[in-house]
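A closer look at the structure
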Amino acid sequence: MTTIHIQAVNKVFAGPGGDVIALKDINLEIASGEFICLLGPSGCGKSTLLNAIAGFSHPSSGQILVDSARVTAPGPDRGMVFQEYALFPWMTIEANIAFGLEIAGRSATAIAERVEMLLKMLGLYEFRARFPKDLSGGMRQRVAIARVLALDSPIMLMDEPFGALDALTRRNLQDELLKIWKVFGTTIVFVTHSIEESIYLADRTIVMTYRPGTVKRDVPIALERPRDPSDPEFNRLKRMLGEMVMEEQQRHHNAELLTSTAD
């Protein structure tokens, strides 16, 4: 049962014009098996926080724990899915999914069984001998998700994985992700700009403020699944979250105006 503890996390980047506070006093508890969305405008630190959970960067102060172990580097307990797919173009789809298992030293039989199961689950079996360039964006993202699932990581970190996809493909992959989440019981932390996507997917939506990024509101999404975007409660949440995000977007806009005026 893997729990993520984010305790008083701050992140400061040094820049030519002075320090930039990207994250300020972030405190969150994410329970095993929860589906959490990080929502907010560009510049609010969503991806910065996700990278810190992944171990790709370190907080300037504070700490992130997975159970009782402090996160200091990437690890097999945390799989990452990027918007850009991050597949090996010279490998077949099957080889891409198997790669992490081979590095982990799994037996050939175990690898073959795991990869075949994931290929079938994600509708990729007939494409197993093809290369990433032969697939659509949605199919490539399925491969990226399968590669993380192959290692059976208890935590999946997703940085706007469906942001570049068309609306229909995006909805299909959202539904597939929810099925995968239910089957595997994975803890998911999902970065998105889409208010509707956060309501459709999440147990909780964490709304973040524009720089410095802090937790503006932790909003439980208590709707039963499958969720209907035309439901009145869905739309009430959409309006409420929209107002909060627009407040931060306006702060962003005002900050840019002040900067341009100063220049």
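Everything here concerns the structure above.
**Concerning a nonpolar patch on the surface**
- On the surface, a nonpolar cluster with roughly 240 Å² of combined accessible area is contributed by Met-117, Met-121 and Val-183.
- Within the secondary structure, Met-117 sits in helix α3 (residues 108–121).
- Classification of Met-117 by relative accessible area gives partly exposed; the value is 31%.

**Observations regarding the pattern of salt bridges**
- The final tally for this structure, using the stated rule, is 14 salt bridges.
- Linking Lys-133 and Asp-134 is a salt bridge whose minimum nitrogen-to-oxygen distance equals 3.1 Å.
- Residue Arg-204 pairs with Asp-218 through a salt bridge whose shortest N-O separation is 2.5 Å. Of this pair, Arg-204 sits in strand β9 (residues 204–208) while Asp-218 sits in strand β10 (residues 215–220), and the two are 14 residues apart along the sequence.
- Arg-204 sits in the buried class, given a relative accessible area of 13%.

**Here we look at the side chain of Arg-142**
- Take Arg-142: it is sitting in helix α4 (residues 137–150).
- Under the relative-accessibility criterion, Arg-142 is labelled buried at 12%.
- Here Arg-142 is in contact with Leu-122, Leu-124, Leu-173 and Glu-176, once residues within four sequence places are set aside.

**Considering the sheet that holds strand β8 (residues 187–192)**
- Strand order in the open sheet made by the 6 strands is β6-β7-β8-β3-β9-β10, with mixed pairing throughout. Strands at the two margins of the open sheet, each flanked by one partner only, are β6 (78–82) and β10. Between one strand axis and the next, the sheet turns by 15° as a mean value, whatever way the strands run.

**Let's talk about the layout of surface pockets**
- As a volume, the largest pocket reaches approximately 440 Å³.
- Lining the largest pocket are 22 residues; nearest its centre among them are Gly-79, Met-80, Arg-147, Val-148 and Leu-151.
- For the lining of the largest pocket, the secondary structure elements donating two or more residues are β6, α2 (93–103) and α4.
- Empty space within the second largest pocket amounts to approximately 200 Å³.
- Forming the walls of the second largest pocket are Asp-175, Leu-178, Lys-179, Trp-181, Lys-182, Tyr-200, Arg-225, Pro-226 and Arg-227.
- For the lining of the second largest pocket, the element with the highest residue contribution is helix α5 (residues 167–184), accounting for 5 residues.
- Classifying every residue of the lining of the second largest pocket gives 4 nonpolar, no polar and 5 charged.

**A closer look at the sheet that holds strand β2 (residues 20–30)**
- The 4 strands are arranged β2-β1-β4-β5 in an open sheet whose pairing can be described as antiparallel. The open sheet is flanked by β2 and β5 (69–70), the only strands paired with a single partner.
- With 2 bridges connecting them, strand β4 (residues 61–66) and β5 associate as antiparallel partners. Paired with Val-66 across the bridge in β5 is Ala-69.

**Describing the side chain of Arg-204**
- Among the polar contacts made by the side chain of Arg-204, one reaches the main-chain carbonyl oxygen of Glu-29 at a distance of 2.6 Å.
- A polar contact is formed between the side chain of Arg-204 and the side chain of Asp-218, at a distance of 2.5 Å.
- In contact with Arg-204, other than residues within four places in its own chain, are Glu-29, Ile-30, Glu-34, Phe-35, Ile-36, Cys-37, Asp-218, Val-219, Pro-220 and Ile-221.

**A few points about the packing of aromatic side chains**
- According to the stated counting rule, one finds 6 aromatic pairs in the structure shown.
- Centre to centre, the rings of Phe-88 and Trp-90 are 5.2 Å apart; their planes meet at 40°, and the pair counts as tilted.
- Looking at Phe-88, the relative accessible area reads 24%, which means it is partly exposed.
- One aromatic cluster is present, formed by Phe-35, Phe-162, Trp-181 and Phe-190 through successive ring pairs.
- In this structure, Lys-120 is placed above the aromatic ring of Tyr-125, and the distance from its NZ or CZ to the ring centre is 5.3 Å.
- The residue whose ring lies beneath Arg-147 is Phe-88, and the NZ or CZ to ring-centre distance is 5.2 Å.

**Section: the nonpolar core**
- Residues Phe-35, Ile-97, Met-156 and Phe-190 are the most contacted members of the largest nonpolar core, which totals 51 residues.
- Ranked by residues supplied to this core, first place goes to α4 with 8 residues.
- Those residues in contact with Ile-97 that sit more than four places away from it in its chain are Val-115, Leu-118, Leu-119, Leu-124, Val-143, Ala-146, Arg-147 and Ala-150.
- Judged by nonpolar contacts, the second largest core, of 25 residues, contains Ile-4, Ala-52, Ala-54 and Leu-157.

The rules we used
Residues numbered from 1 in each chain as written. Predicted model: local features only at pLDDT ≥ 70, side-chain atom pairs only at ≥ 80, totals over all residues. Heavy atoms only, no water. Patch = residues over 30% accessible without salt bridge, like charges linked within 9 Å, V, L, I, M, F, W, Y side chains within 5 Å. Areas by Shrake-Rupley, 256 points an atom, 1.4 Å probe, with all protein chains shown as cover. Salt bridge = Lys/Arg side-chain N within 4 Å of Asp/Glu carboxyl O. Helix = DSSP H or I, 4+ residues; strand = E, 2+ residues; numbered from the N terminus. Buried < 20%, exposed > 50% of the residue type's maximum accessible area, 1.4 Å probe, protein only. Contact = heavy atoms within 4.5 Å. Pairing = 2+ DSSP bridges. Axes fitted to C-alpha atoms, helices over the stretch in contact; angles between N-to-C directions. 1 Å grid on protein atoms, 1.4 Å probe; cavity = no way out; pocket = protein on both sides within 12 Å on 5 of 7 lines; lining within 4 Å. Points joined across faces, edges and corners; volume = space filled by probe spheres on them. Nonpolar A, V, L, I, M, F, W, Y, C, P; charged D, E, K, R; others polar. Polar contact = N/O pair within 3.5 Å; in protein donor to acceptor, adjacent residues only side chain to side chain. Phe/Tyr/Trp six-rings, centres within 6.5 Å; stacked < 30°, edge-to-face > 60°. Lys NZ or Arg CZ within 6 Å of the ring centre and 35° of its normal. Core = buried A, V, L, I, M, F, W, Y, C linked by side-chain atoms within 4.5 Å.

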